[in-house]
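# Structural features, examined
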Amino acid sequence: MPYDSENVFAKILRGEMPCHKVYENESTVAFMDIMPMSDGHVLVVPRSPAENIFDLDEEYLKEVTKTTKLLSHAIKKALDPSGLIVKQFNGSDAGQTVFHYHMHIIPVYNGAPNKNHGYEMEKPERLESIAQIIAAKL
Ligand code: 5GP
């Protein structure tokens, strides 16, 4: 399937849609998932029109990994989760719903079960305040 430049993350990268941004650099942007699995669920998105792991250039993969590590440390410092899941879906059969490559960073709190991803919208004010708490620890 060719890359669809009208997907929501492409629109966020172009500034056509808002997001609760936590961090950005030349190659990546990290922002809050609007339907988080837990408090502090962050997405790391490369500034490259790639749908999945098969399409993404290795240099961008490296940059996504670097940003994921940076954000993981900031989330740990900011929110003190007891665990942290880092995962990524390729193809609708694997659970991918937005077809621009992205990494999920999902905190876990003392064994509490996380919600399904992409399931329930979080209040914008709550997402923004968590984004600021994480950004302050970068
Ligand atoms: P996927 O299933 O493709 O790995 O995950 C896509 C994620 O993007 C889901 O967790 C969903 O909650 C999130 N999402 C969907 N639409 C938007 C949006 O417009 N903005 C943000 N920030 N996240 C979104």
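Located above this text is the structure these notes cover.
Being a predicted model, the structure only gives us computed values, none of them experimental. (Residues numbered from 1 in each chain as written. Predicted model: local features only at pLDDT ≥ 70, side-chain atom pairs only at ≥ 80, totals over all residues. Heavy atoms only, no water.)

### Overview of the environment of leucine 61
So the rule is basically this: Numbered from the N terminus, helices here are DSSP runs of H or I no shorter than four residues, and strands are runs of E no shorter than two. Here the term buried applies to any residue with accessible area under 20% of the maximum for its type, exposed to any over 50%, and partly exposed to those in between, with areas from a 1.4 Å probe on protein chains only. What makes two residues a contact is simply this: any of their non-hydrogen atoms within 4.5 Å.
Relative to the helices and strands, leucine 61 is located in helix H2 (residues 58-79). Taking the relative accessible area as the measure of exposure, leucine 61 reaches 26% and is therefore partly exposed. Taking the C-alpha atoms as reference, leucine 61 lies 21 Å from proline 107; in sequence the two are 46 residues apart. Those residues in contact with leucine 61 that sit more than four places away from it in its chain are Ile53, Leu56 and Tyr101.

### Some details on the pattern of salt bridges
Heads up, the rule is: Just to be clear on terms, a salt bridge is a Lys or Arg side-chain nitrogen sitting within 4 Å of an Asp or Glu carboxyl oxygen.
Scanning all chains against the criterion turns up nine salt bridges. With a closest N to O distance of 3.5 Å, arginine 14 and glutamate 6 form a salt bridge. Take arginine 14: its relative accessible area is 40%, and that puts it in the partly exposed class. Of the charged contacts in the structure, one is a salt bridge between arginine 14 and glutamate 16, with a shortest N-O distance of 2.8 Å. In this structure glutamate 16 comes out as partly exposed when scored by relative accessible area, which is 49%. Look at the salt bridges and you will find they share partners, linking Glu6, Lys11, Arg14 and Glu16 into a network.

### Examining the side chain of glutamate 63
Along the polypeptide, glutamate 63 turns up in helix H2. Setting aside anything within four residues of it in sequence, one finds glutamate 63 in contact with Asn25, Ser27 and Thr28.

### Notes on the site of the ligand
Let me state the cut-off plainly: Whether a residue is near a molecule or strand depends on its heavy atoms: it is near if one of them lies within 4 Å of it. Two N or O atoms form a polar contact when they lie within 3.5 Å of each other; inside protein one atom must be a possible hydrogen donor and the other a possible acceptor, and for residues adjacent in sequence the pair counts only when both atoms belong to side chains. Here the open area of atoms and residues is found with the Shrake-Rupley method and a 1.4 Å probe, where only the protein chains shown may cover a residue. All amino acids are sorted into three groups, where Ala, Val, Leu, Ile, Met, Phe, Trp, Tyr, Cys and Pro are nonpolar, Asp, Glu, Lys and Arg are charged, and the leftover types, Gly among them, are polar.
With respect to spatial proximity, 19 residues lie near the ligand, and among them Asp33, Gly95, Thr97, His102 and His117 are the closest. Contact between the ligand and methionine 32: a nitrogen atom at 2.9 Å from a main-chain N or O atom of the residue. Relative to its unbound accessible area of 520 Å², the ligand is 94% covered by the protein chains. Residue composition of the shell around the ligand, by class: eleven nonpolar, seven polar and one charged.

### Some words on the sheet that holds strand E2 (residues 28-32)
Operational definition: Any two strands with at least two DSSP bridges between them are considered paired. Axis lines are fitted through C-alpha atoms, for helices just across the contact stretch, and the angle between N-to-C directions can take any value from 0 to 180 degrees.
Read across the sheet, five strands follow the order E1-E2-E3-E5-E4 without closing on themselves; strand pairing throughout is antiparallel. Each of the sheet's edge strands pairs with one partner strand only, and the pair in question is strand E1 (21-24) and strand E4 (83-87). Taken over all neighbouring pairs, the strand axes of this sheet differ in orientation by 15° on average, direction set aside. Bridging between strand E3 (residues 42-46) and strand E5 (residues 103-108) involves three bridges; their strand directions are antiparallel. Residue pairing across strands places valine 44 opposite methionine 103, the latter belonging to E5.

### Quick notes on the nonpolar core
The criterion, for reference: We call a set of buried Ala, Val, Leu, Ile, Met, Phe, Trp, Tyr and Cys residues a nonpolar core when their side-chain atoms join them within 4.5 Å.
Counting residues in hydrophobic clusters, the biggest one holds 18 residues, and the most contacted among them are Val22, Met32, Val42, Val44, Leu71, Ile105 and Ile134. When contributions to this core are tallied by element, the ones reaching two or more residues are E2, E3, H2, E5 and helix H3 (124-135). Among the nonpolar cores identified, the runner-up in size contains seven residues, and Phe9, Ile12, Phe31 and Val45 belong to it.

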